[in-house]
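Read off the chains here:
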Amino acid sequence: MLLSVGLLMLVDIIMHINMLFMIPEQYIKLLGIQKLGVCEFFCLLFVLYEAVSILKNMTLCGLPVPKKLKEHIKEALSDMTDEMPQESKEE
């Protein structure tokens, strides 16, 4: 990830690409930003990816996660992966 961030910094320096076209106008006004480079955009994606990964692992380990968030994570895991252990239906 660090290598890719370094390479994306070079892309930003050379090409000056503005990624704000991908973000709704109201969020741009709320944040008050004028430019979002490729490097910043992918850094935000990396942070989101890691946050989701941490929440997923917290759910799988049985650590406290907000109830609504836990339900969404369990639903996504059972739909998309085999990581969610099968609960017994004998209750």
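Refer to the structure presented above.
All of these numbers come straight from a predicted model, not from anything done at the bench. (Residues numbered from 1 in each chain as written. Predicted model: local features only at pLDDT ≥ 70, side-chain atom pairs only at ≥ 80, totals over all residues. Heavy atoms only, no water.)

Enquirer: Just give me the short version of the environment of Gln34, but keep the residues and values in it.
Expert: Looking at the element boundaries, Gln34 is found in the loop between helix 2 (25-31) and helix 3 (38-61). Given a relative accessible area of 69%, Gln34 falls into the exposed group. Between the alpha carbons of Gln34 and Ser4 there is a distance of 24 Å; along the sequence they are 30 residues apart. In contact with Gln34, not counting residues within four places along its chain, are Asn18 and Leu20. (Helix = DSSP H or I, 4+ residues; strand = E, 2+ residues; numbered from the N terminus. Buried < 20%, exposed > 50% of the residue type's maximum accessible area, 1.4 Å probe, protein only. Contact = heavy atoms within 4.5 Å.)

Enquirer: How would you sum up the side chain of Thr59? Please name residues and give values.
Expert: Residue placement: Thr59 occurs in helix 3. For Thr59, a relative accessible area of 6% corresponds to the buried category. Of note is the side chain of Thr59, whose polar atom sits 2.9 Å from the backbone oxygen of Leu55. When residues no more than four places from it in sequence are discounted, the contact partners of Thr59 are Val65, Lys70, Ile73 and Lys74. (Polar contact = N/O pair within 3.5 Å; in protein donor to acceptor, adjacent residues only side chain to side chain.)

Enquirer: Can you lay out the packing of helix 1 (residues 2-15) against helix 3 for me, pointing to particular residues and giving the numbers?
Expert: For any two helices packed against each other, one specifies the inter-axial angle together with the distance between the axes. One can describe the packing of helix 1 onto helix 3 by two numbers: an axis separation of 7 Å at closest approach and a directional angle of 150°. Relative to helix 3, helix 1 is oriented roughly antiparallel. Listed contacts from helix 3 to Ser4, Val5, Leu8, Met9 and Asp12 of helix 1 are Val38, Cys39, Glu40, Phe42, Cys43 and Phe46. Looking at the contact of helix 1 with helix 3 residue by residue, the classes come out as eight nonpolar, one polar and two charged. (Axes fitted to C-alpha atoms, helices over the stretch in contact; angles between N-to-C directions. Parallel < 35°, antiparallel > 145°, perpendicular 65-115°, else oblique. Nonpolar A, V, L, I, M, F, W, Y, C, P; charged D, E, K, R; others polar.)

Enquirer: Provide a residue-level description of unusual backbone geometry, including the pertinent values.
Expert: One can expect most non-glycine residues to show negative phi and most peptide bonds to be in trans. Of note in the backbone geometry, His16 takes a positive phi value of approximately 55° without being a glycine. The topology assignment puts His16 in the loop between helix 1 and helix 2. Under the relative-accessibility criterion, His16 is labelled exposed at 56%.

Enquirer: Explain the nonpolar core to me, and be specific about the residues and the numbers.
Expert: Membership of the largest hydrophobic core is limited to nine residues, which are Val5, Leu8, Met19, Leu20, Ile28, Leu36, Val38, Cys39 and Phe41. Residue assignment for this core shows that the elements contributing at least two residues are helix 1 and helix 3. With three residues, the single largest contributor to this core is helix 3. Apart from residues lying up to four places away in sequence, Leu8 is in contact with Val38, Cys39 and Phe42. (Core = buried A, V, L, I, M, F, W, Y, C linked by side-chain atoms within 4.5 Å.)

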